[in-house]
Structure formats: C-alpha cells, structure tokens
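# Coordinates in review
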Amino acid sequence: MTTPARLEVRHLIRSFDRLRVVNDVSFRIEAGEVACLLGPSGCGKSTILRIVAGVDMQDSGSIHVDGRLVCDTQFRIPPERRAIGMMFQDFALFPHLPVSENVAFGLPGGHAAHRDRVAELLDRVRMSRHRDSFPHELSGGEQQRIALARALAPRPRVLLMDEPFSGLDERLRDGIRDDTLSLLKDEGTAVLLVTHEPVEAMRMADQILLMRAGRIVQQGAPYNLYNAPVDRQAAAFFSDINVLTGRVRGALTDTPFGEFLTPGLPDGSEVEIVIRPQHLRIDFDRAGQGPAPTTENGTAALARVVRARYLGRESLVEFATDPGAIGLSATVPGVFLPPAGTPMWLMLRRDRVFVFPRG
Ligand SMILES: Nc1ncnc2c1ncn2[C@@H]1O[C@H](COP(=O)(O)OP(=O)(O)OP(=O)(O)O)[C@@H](O)[C@H]1O
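Starting from 1, residues in each chain are numbered consecutively following that chain's sequence as written. Given that the model is predicted, a residue must reach a pLDDT of at least 70 before its local features are reported, and side-chain atom pairs must reach 80 or more before they are shown or counted; all residues, however, enter totals for whole chains, interfaces and linings.

What follows covers the overall build of the protein chain. Secondary structure assignment for the protein chain yields 9 helices and 20 strands. By principal-axis analysis of the C-alpha atoms, the protein chain measures approximately 80 × 45 × 40 Å. Per-residue burial over the protein chain gives 33% buried out of 359 residues. Once C-beta atoms are placed from the backbone, any two residues with those atoms within 7 Å are in contact. In the protein chain, 64% of the contacts between residues at least 6 apart in sequence involve partners at least 24 apart. Numbering of helices and strands runs from the N terminus; a helix is a DSSP stretch of H or I covering at least four residues, while a strand is a stretch of E covering at least two. Using C-beta atoms placed from the backbone, we call a residue buried if 20 or more other C-beta atoms fall within 10 Å of its own, exposed if 12 or fewer do, and partly exposed for counts in between.

In terms of nonpolar packing, the biggest core is built from 81 residues, with Cys-36 and Leu-192 touching the most fellow members. With 6 residues, helix α5 (residues 140-152) is the largest single contributor of residues to this core. When residues no more than four places from it in sequence are discounted, the contact partners of Cys-36 are Leu-193, Thr-195, Ala-201, Met-204, Ala-205, Ile-208 and Leu-209. Each nonpolar core comprises buried Ala, Val, Leu, Ile, Met, Phe, Trp, Tyr and Cys residues, the members being joined through C-beta atoms within 7 Å.

Before going further, it helps to spend a moment on helix α4 (residues 115-124). Those residues of α4 that sit buried are Val-118, Leu-121 and Leu-122. Looking straight down α4, one finds its buried side chains confined to an arc of 100°; they lie on one side. Exposed side of α4, more than 90 degrees from the buried face: Asp-116 and Asp-123 are the residues found there. Looking one or two residues past α4, Arg-126 carries a phi angle of roughly 55°, positive in sign. This arc is built from the directions going out from the helix axis to the C-beta atoms.

Okay, the site of the ligand next. Contact assignment follows one rule, namely that a residue is near a molecule or strand if its backbone-placed C-beta atom lies within 6 Å of it. In the neighbourhood of the ligand, the contacting residues comprise Phe-16, Val-21, Gly-39, Ser-41, Gly-42, Cys-43, Gly-44, Lys-45, Ser-46, Thr-47 and His-196. With 3 residues, the top contributor of residues to the shell around the ligand is helix α1 (residues 45-53).

Strand order in this open sheet of 4 strands is β2-β1-β4-β5, and the pairing throughout is antiparallel. Of all strands in the sheet, those with a lone pairing partner are β2 (19-29) and β5 (68-71), marking the two edges. Taking the axes of each pair of neighbouring strands and ignoring which way they run, one obtains an average angle of 30° across the sheet. The criterion for strand pairing is that DSSP finds at least two bridges linking the strands in question. As judged from the 3 bridges shared by strand β4 (residues 60-65) and β5, these two strands associate in the antiparallel manner. Bridge assignment links His-64 to a residue of β5, and that residue is Leu-69. Contacts between α1 and the sheet are confined to β1 (7-16), β2 and β4, with β1 contributing the most and set at about 120° to the helix. Axes here refer to lines fitted to C-alpha atoms; in helices the fit is confined to the stretch in contact. Angles between the N-to-C directions go from 0 to 180 degrees.

So, on to the sheet that holds strand β6 (residues 84-87). Across the sheet, which stays open at both edges, the 6 strands sit in the order β6-β7-β8-β3-β9-β10 with mixed pairing between neighbours. Looking at the sheet topology across the chains shown, the edges are occupied by β6 and β10 (215-220). On average, each strand axis in the sheet is inclined to that of its neighbour by 20°, with strand direction left out of account. Each of β6 and β7 (158-162) is contacted by α5, which is oriented at about 170° to β6, the strand it contacts most.

Let us now look at the pairing of β7. When you tally the buried positions in β7, you get 5 out of 5 residues, the bulk of the element. The side-chain alternation of β7 yields two buried faces, one formed by Val-158, Leu-160 and Asp-162 and the other by Leu-159 and Met-161. Across 4 bridges, β6 lies against β7 in parallel orientation. By the bridge assignment for β7, Met-86 is matched with Leu-160. Taken together, the 5 bridges between β7 and strand β8 (residues 190-195) define a ladder with parallel strand orientation. Paired with Leu-160 across the strands is Leu-192, a residue of β8. In this fold, the crossover linking β7 to β8 by way of helix α6 (residues 170-187) has right-handed handedness. For a crossover, the right-handed case is the one in which the path from the first strand over the helix to the second runs clockwise, viewed with the strands pointing away from the viewer.

Note that all results are geometric; they support no functional claim without further evidence.
Have a look at this one:
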C-alpha cells in the first residue's frame, strides 16, 4: 500500500450554471512539497482552492488529508477543523490588531498562550522589531511576511496560497518568494499555491499542475513541463515559441530545416514543429554557404533579419526565412543587433524540438 499523501484531491467536479469550471481534477501533494496550480484567468484554480479550504462545495469528488476523508458529497469537516491554512492575495490582516496578535490569531488562547511560537515565527520572517506595529504601519512586503507567519502559526498540515505575491512590487518579489519558500520548506507543510505566472510556478514549485478550462492538462516537475510539454499550448505557456507546420509523408515531415521524424502519425496529417527562441541557432559565418548539416542541429535554412531588439539580458532577433517568409524568433545572450535585411543561416536544436499533431 502506498503512504497517504498529505493532501489528496480525487475526481473533483464543480459546475456553475451548468458550466463545469472544475472538470475531474485529481492530484496529490506530499508533506514539504509545494505544488502550483498554474493556468490562465478563469480556468478554475481559485475554485479548487476554495473547495479544499471548505468555503465552497464540490458537486462530486473527495478531499483527503493524510489519508483521512475531509470532505465528499456526504461528509464534511468544517473549514476551521481541517488543519488547512489559507493565505490570501490581499493578506487580510486585522487592522485593529498589532502584528503579534495578528500572528497569534488562529492559535487557541491567543498570544498569551503562544508567545514562543509567535516570537519564533516573527524572528523567522525578520519582523521581530515590528511586533507591536499595526498593519497600516507596514510596507506591502512586510504585511506579506506577517500574513505568512499568521498562516503558519497553527502548524497547518496544508497551506493554501492564492496569488500570494501579486500585490507586491516587482523588484521585491524574487527575494520574498525565496524567503517564503525557505520558510515553507523548514515548516514541512504541504503547499497548494495558485498563480497565473509561469515564472512564479517555475521558481516556487516542486510540482506544477497546469490547468486549462477546468482540467489539469499536465502535471510534473517544472523541468518536465518546460522540456516535455504535452501540446503546443502547454509549450506556449512558458515562453514565446516558433511554430513550423508541415505534412507527414512516410513518417517524415519536410521543413526548411530538413526532414523531421514524425512516427505514428498518418500520411497527409498536419504537424506542428515547435521550438523555443533560445533553441534556434544562428550561424555567424554570414558570408559562407551555410554550415553543413549535423545530427544535432539538422539542416540550416537561410533567413533575413526583420528586426532586432535589446531586452537587457539578451537580444531578440526576428527573422523571415528566405524563401518562404516563415517568421522565426531567436534570443541571443547579450547585445546582438544585426541590421534589418542581414542574411543569416539558422539551425534548430533537434533535441529541443517538440512535434505535435496540428490541434
Ligand atoms: N460563485 C460563482 N458563481 C458563478 N461562477 C463562478 C463562481 N465562482 C467562479 N465562477 C466562474 O468559474 C470560472 C473559474 O473561476 P476561478 O476563480 O476558479 O478561476 P481562476 O482560474 O482562479 O481565475 P483567476 O486567475 O482570474 O482568479 C470563472 O469563469 C468564474 O467566472
């Protein structure tokens, strides 16, 4: 028998006005693991969070914590007895209570009974000197740290976080995310975090649950989602993509970059060959006839620069193939700004190409 997960959600379904906004969603999160529900606005992420928290009810499916049933359609443990903590986007601190009382709010007996735990958490989030301040005296980042300390104070088995960094200044976010992650790991709680930002999910998650229209379309480690997306949309969620289209003939598809193996797809069917801009190779030998084909990079295709822009850490160069005028983008580290019209040879990193039947 497998060990029960800290949080397990089985076959969750929820409809509003006969529209299924959560459509047969299942996943497991282990203790100490951070899972990110990632997807575009309206795909059902917050609805799942609310059902797990107990403030909304599913139409079917069940929720289990450490193997114990928390809620199905017949049985329901009330939210306050689920050992599930919640941290909201707006932090929802109590304005009339000082920091220490805010942190102690969910603890039976309040601050007086739990001075050590409150002090430990305030120290951990580097807010000890603000213990007597009121929320309005704190910056957004400081309020976030108090909200985190408050959510963790009762040692919840599971912590739910709904876009917890979205209200923060962009420049502060990376640092706060990293501090939050290290505290969550030390506490060993299972975390279900909702976000619509791929960068945030990549940075925070042990496991990403990628959602679209009420379903989980792919789940796994950030590395797997980035490097082995299930379809074109999943690939496009994490970065810009280049797409070449072609038709299968004898398990091969011909493109300006040579033939690609497309086994298992019927003759005549259309395929999309997807590549991220950082995996398009530019050959800098501009005057020559182009590099010889290699197994790693396939055949080179001639293209002309349409536009080049400097983005800070890298440059983005847009090309059109010659002939064919297929638009392709490549990112190049540092400053690389060739003038429009410059001919260049391009190659695709074959091991980084994704081939999908055309959707
Ligand atoms: N109480 C409700 N009554 C009717 N429709 C609802 C209700 N709650 C959510 N919905 C609808 O369900 C869908 C999913 O909403 P949900 O808030 O779960 O999406 P989300 O992925 O969290 O989006 P966002 O990132 O914008 O918060 C939306 O179309 C929303 O309008």
